[in-house]
Amino acid sequence: IANVVNSTRPLFDRPVSSITTKEINEAFLKNTEQNSSRTYMHKKTILATFFNFVVDVLELLPKNPIKKAIPKRKVTKTHRDFWTIDQIDRIIANAPDPKTRLLWSLMAFAGLRVSEAVAMRPEKIYDGKIHVVGKGDKPATIPVCPRLKREIDRYDGEWNFKFSKYKLRKSAQKAIPEGFPGKAHAHRFRHSFGSNILRANKGINLMVVRDLMRHENITMTIDTYGHILDTDSEKAISEVYK
């Protein structure tokens, strides 16, 4: 919240109650002109939350000025690059050490977020499932696939992880010398996990992917993986109607 509020900092050099909706609109649009529609709407929500605090808690304003000051922007689907299963295997094999290899495997083969993977411990894996507390402190269970089980079984070190962007970038470049679109970042493991499940085209439906990715609703799943479905539509039809 502080980062978004600071983007309109010049407005707060005087009493908040004197700020006009026009001034808020101009300052916000200037700050977000280079942002995607998704980031724009996210920042709008954050700023609205801040003003709700001002209105409800501090009682400095008669009403929240954000509701009318900042227009909505339609969020469009964005193409998100992912690694194939073969590429992920090559990256995992090029991990600089066993601990990093297991950390990446938790993200690549269970779809864990980087914060969830870093916090993972052996006692949280039992009955063939990973027991994790995700966004919003929501508990969830994720099946341990055979590929991940092999990585867990081979590791005999301490479970105190630390993620390094530099190590991932260098290892990915070395593992995939032919290059790959997009950037090598932690979330790409998670996105690749969901993408490759869908691309397997073995009758797996979006509801299953939604549950595995722990999305709030099916719309989020479609927005995230819609490009996968679009890209593979011809292959899917050919497989079904041979």
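See the structure printed just above.
Attention here is on the structure that accompanies the text.

What counts as what
Residues numbered from 1 in each chain as written. Predicted model: local features only at pLDDT ≥ 70, side-chain atom pairs only at ≥ 80, totals over all residues. Heavy atoms only, no water. Helix = DSSP H or I, 4+ residues; strand = E, 2+ residues; numbered from the N terminus. Buried < 20%, exposed > 50% of the residue type's maximum accessible area, 1.4 Å probe, protein only. Contact = heavy atoms within 4.5 Å. Core = buried A, V, L, I, M, F, W, Y, C linked by side-chain atoms within 4.5 Å. Pairing = 2+ DSSP bridges. Axes fitted to C-alpha atoms, helices over the stretch in contact; angles between N-to-C directions. Parallel < 35°, antiparallel > 145°, perpendicular 65-115°, else oblique. Left-handed = near helix turned anticlockwise from the far one by under 90°.

Topic: the side chain of Ser171
Then comes step 1: Structurally, Ser171 can be placed in helix 9 (residues 165-175).
Then comes step 2: Here Ser171 falls in the buried class, since its relative accessible area comes to 6%.
Then comes step 3: Each residue touching Ser171, except ones within four places of it in the same chain, is listed here: Asn94, Ala95, Pro96 and Trp104.

A look at the nonpolar core
Then comes step 1: Residues Trp83, Ile91, Trp104, Leu106 and Ile130 are the most contacted members of the largest nonpolar core, which totals 34 residues.
Then comes step 2: Secondary structure elements with two or more residues in this core: helix 5 (85-93), helix 6 (98-110), strand 2 (129-133), strand 3 (139-143), helix 8 (146-154), helix 9 and helix 10 (186-199).
Then comes step 3: If one sorts the elements of this core by residue count, helix 6 sits on top with eight residues.
Then comes step 4: Setting aside anything within four residues of it in sequence, one finds Trp104 in contact with Ile91, Ile92, Ala95, Pro96, Phe163, Lys167, Leu168, Ser171 and Phe189.

A word on the sheet that holds strand 2
Then comes step 1: The sheet built from three strands is open, its strands ordered 1-2-3 with antiparallel pairing. Of all strands in the sheet, those bounded by a partner on one side alone are strand 1 (125-126) and strand 3.
Then comes step 2: As judged from the five bridges shared by strand 2 and strand 3, these two strands associate in the antiparallel manner. Looking across to strand 3, one finds that Ile130 is bridged to Ile142.

Quick word on the packing of helix 5 against helix 6
Then comes step 1: Contact geometry for helix 5 and helix 6: axes closest at 9 Å, N-to-C directions at 165°. In this view, helix 5 runs roughly antiparallel relative to helix 6, as classed from their interaxial angle. Two packed elements cross with a definite hand, and for helix 5 against helix 6 that hand is right-handed. From helix 5, Ile88, Asp89, Ile91, Ile92 and Ala93 reach across to helix 6, where they touch Arg101, Trp104, Ser105, Ala108 and Phe109.

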